[in-house]
Amino acid sequence: MSEAFIEVNQLVKRYGDGGTVGPISLTSPRGVIYGLVGPNGSGKTTTIRCMLGLQKPSGGEVRVAGLDPATEAKELMEITGYSQELPSFPPFLTARSILEITGKLKGLSGADLRREIARVLDLSGLVSHADRRTGSYSKGMLQRLAVAQAIMGDPELLILDEPMLGVDPAARVQMRELFMELRKGGKTILFSSHELYELERVADLVGMIYQGRVMVEGRVEELLSRRSRGLMVEAEVLRPGQVSPALLQSLDGVKGVEMDGSIIRVEFAEGVDGRESLSQVLVEAGAGLISLRTVNLTLEELFMEMVRSAVKH
Ligand SMILES: Nc1ncnc2c1ncn2[C@@H]1O[C@H](COP(=O)(O)OP(=O)(O)OP(=O)(O)O)[C@@H](O)[C@H]1O
Ligand SMILES: [Mg+2]
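Computed from a prediction, not measured in an experiment: that's the story for all the values here. (Residues numbered from 1 in each chain as written. Chains lettered and ligands numbered in written order. Predicted model: local features only at pLDDT ≥ 70, side-chain atom pairs only at ≥ 80, totals over all residues.)

Caption draft 1: Just the overall build of the chain, in detail. Counting its secondary structure elements, the chain contains 11 helices and 13 strands. The principal-axis extents of the C-alpha atoms in the chain amount to approximately 75 × 45 × 40 Å. Considering the chain as a whole, with its 313 residues, one finds that 36% of them fall into the buried category. In the chain, the proportion of contacts linking residues at least 24 apart, taken out of those at least 6 apart, comes to 67%. (Helix = DSSP H or I, 4+ residues; strand = E, 2+ residues; numbered from the N terminus. Buried ≥ 20, exposed ≤ 12 C-beta atoms within 10 Å, placed from the backbone. Contact = placed C-beta atoms within 7 Å.)

Caption draft 2: Just the nonpolar core, in detail. Counting residues in hydrophobic clusters, the biggest one holds 59 residues, and the most contacted among them are Tyr34, Val37, Met51, Ala148, Leu158, Ile159 and Ile189. The residues touching methionine 51, leaving out its near neighbours within four places in the chain, are Ile6, Val8, Val62, Val64, Pro69 and Ile159. Within the second largest apolar cluster, 13 residues are counted, among which are Val233, Ile264, Phe268 and Leu282. (Core = buried A, V, L, I, M, F, W, Y, C linked by C-beta atoms within 7 Å.)

Caption draft 3: Seen up close, the sheet that holds strand S5 (residues 80-83). One open sheet holds the six strands; their spatial order is S5-S6-S7-S3-S8-S9, and the pairing between them is mixed. Edge positions in the sheet fall to S5 and strand S9 (213-219), since each has one partner strand and no second. Averaged over all neighbouring strand pairs, the angle between strand axes comes to 15 degrees, with direction disregarded. Running over the sheet, helix H1 (residues 44-51) touches strand S3 (33-37), strand S6 (157-161), strand S7 (188-192) and strand S8 (205-210) and is turned about 150 degrees from S6. With respect to the sheet, helix H6 (residues 169-184) is in contact with S3, S6 and S7, its orientation differing from that of S7 by roughly 150 degrees. (Pairing = 2+ DSSP bridges. Axes fitted to C-alpha atoms, helices over the stretch in contact; angles between N-to-C directions.)

Caption draft 4: Focus on the packing of helix H3 (residues 95-105) against helix H4 (residues 110-123). One can describe the packing of H3 onto H4 by two numbers: an axis separation of 10 Å at closest approach and a directional angle of 125 degrees. Between H3 and H4, the angle falls in the class oblique. At the point where H3 passes H4, the crossing takes the right-handed sense. On H4, the residues touching Arg96, Leu99, Glu100, Gly103 and Lys104 of H3 are Leu113, Glu116, Ile117 and Val120. Of the residues that constitute the contact of H3 with H4, the class distribution is four nonpolar, one polar and four charged. (Parallel < 35°, antiparallel > 145°, perpendicular 65-115°, else oblique. Left-handed = near helix turned anticlockwise from the far one by under 90°. Nonpolar A, V, L, I, M, F, W, Y, C, P; charged D, E, K, R; others polar.)

Caption draft 5: Structural detail: H4. In this model, H4 (14 residues) spans 20 Å end to end at C-alpha, consistent with the 20 Å of a helix rising 1.5 Å per residue. Listed as buried for H4 are Glu116, Ile117, Val120 and Leu121. For H4, the buried positions fall inside an angular range of 130 degrees around the axis, keeping them on one side. Exposed side chains of H4 directed beyond 90 degrees from the buried face belong to Ala111, Asp112, Arg115 and Asp122. (Expected span 1.5 Å × (residues − 1). Arc of directions from axis to C-beta.)

Structure below.
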């Protein structure tokens, strides 16, 4: 992995009313999509705001693109596009005029500005709404406008706080494709999200914050393959009444059995591939086996595992 592009080291933020976030540490190289996950109130927005110099940390260090956001926020903003959580815009302005203002602030004018506005409207799927006042925008449209605003001027770093919040499924897919396109162009994207399904598909790296600390950080595919448990196999049968949990338990290497209507889940001990013996026993029992697949750990399961183990400790 290349050198850190974003580095948060033991960040602590103490709020006046006694609330504390951290210590949070996270690292991202350049050119990747980093997904920040965590329950409500776990510290994602606080971390993001400290990364942008919008809030001063009470302790720890933050460096983004070699800059200290607390003292070099202006330089950082020149290379960064940001969309805040729950964006709001002056309701009487149209998306086009908001983007015009943003573009001018980023030093664009004339034909370049018009071209850039057309580009970001297209990428965010807002072309047909560009000349409507944002006061009449839906939640998802406001969110898309915030992303359009962030990508204006093609900044090398994007920091997006819950860009997918309230965005419909088709637009989320479009946003996912946009992120991947930007990464292809060498950009770095850090975004927070509760959409674990989307995050799993788009993020290269994920950091999971829980109770004010990053508990797990790593490459998504590594986290998902690093299972504490063995193989999980899911079978669908037509006649579940023909099978008993005891029969399945008797197979070699079975650690757990779960039956839920026509779905049977069998967990095998590490290193045991019991797919063949499972299908055999189901066929012999006359259960009417119609499908069998291995179930991969999802980010959601990983997240729930993390929450459960944090509660235990
Ligand atoms: N301005 C503030 N004043 C006091 N406490 C705050 C302030 N902002 C955040 N906090 C506290 O800091 C903690 C982290 O909040 P933060 O907004 O960073 O969480 P989050 O992970 O972004 O949550 P969400 O998923 O709901 O957006 C919470 O306990 C919150 O109450
Ligand atoms: Mg937040």
